[in-house]
Amino acid sequence: MTRLECTVTNCLHNAENRCCKQAIVVDGSEAQDNFETCCGSFDQNLEGSYRNLFKTPENRLEIDCEAINCVYNSDRRCGAERIGIVGDGASEPGHTECATFTLR
Ligand code: SF4
Ligand code: SF4
């Protein structure tokens, strides 16, 4: 389980700079750099309509990750102690990225 901070505050699943999902998927099977990864679980919170409803930030979560060129990737799972997802103002998954991606 990985500790995750997320600055994508307009994602439906974000509360207090953390993620409320129990598991997320990070995409970027051919990524060579951070900006080529993204949080595939991003959902845009249109008009903030669901903000603070039924949301509990998770401290640690499972991260399935397609970015196999990252040093922390092991069998498409993230093995990092902590990661950061960034992309404030994102309106689609491609506007987000894993800031912790490190090329092998
Ligand atoms: S962008 Fe990803 S990590 Fe961040 S809150 Fe949304 S689903 Fe969770
Ligand atoms: S640190 Fe690496 S393995 Fe973990 S989610 Fe980010 S890109 Fe994937």
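Details of the structure are given in the entry above.
Notes on the structure follow.

## Observations concerning the site of ligand 1
- Residues in contact with ligand 1, as listed here, are Leu 4, Cys 6, Val 8, Cys 11, His 13, Asn 14, Cys 19, Ile 24, Cys 39 and Ser 41.
- Along the lines of polarity and charge, the residues of the shell around ligand 1 split into seven nonpolar, three polar and no charged.

## Focus on unusual backbone geometry
- Residues other than glycine seldom take positive phi values, yet Asp 75 does so here, at roughly 50°.
- You can see Asp 75 is positioned in the loop between β7 (73-74) and β8 (77-78).
- Phi is positive for Arg 76, which is not a glycine, with a value near 65°.
- With respect to the secondary-structure elements, Arg 76 resides in the loop between β7 and β8.

## Focus on the pairing of strand β9 (residues 82-86)
- Where strand β1 (residues 2-6) lies against β9, four bridges are found, and the strand directions are parallel. Its bridge partner being in β9, Glu 5 is matched across the sheet by Gly 84.
- Of the pairings in the sheet, the one linking β9 to strand β10 (residues 97-98) comprises two bridges and is antiparallel in character. Within β10, the position partnered with Ile 85 by the bridge is Cys 98.

## So, the state of the cysteines
- Under the counting rule described, the total for this entry stands at zero disulfides.
- A disulfide-free cysteine, Cys 20 has its sulfur positioned 6.4 Å from the sulfur of Cys 19, the nearest such atom.

What counts, and at which threshold
Residues numbered from 1 in each chain as written. Chains lettered and ligands numbered in written order. Predicted model: local features only at pLDDT ≥ 70, side-chain atom pairs only at ≥ 80, totals over all residues. Heavy atoms only, no water. Near = heavy atom within 4 Å. Nonpolar A, V, L, I, M, F, W, Y, C, P; charged D, E, K, R; others polar. Helix = DSSP H or I, 4+ residues; strand = E, 2+ residues; numbered from the N terminus. Pairing = 2+ DSSP bridges. Disulfide = S-S within 2.5 Å.

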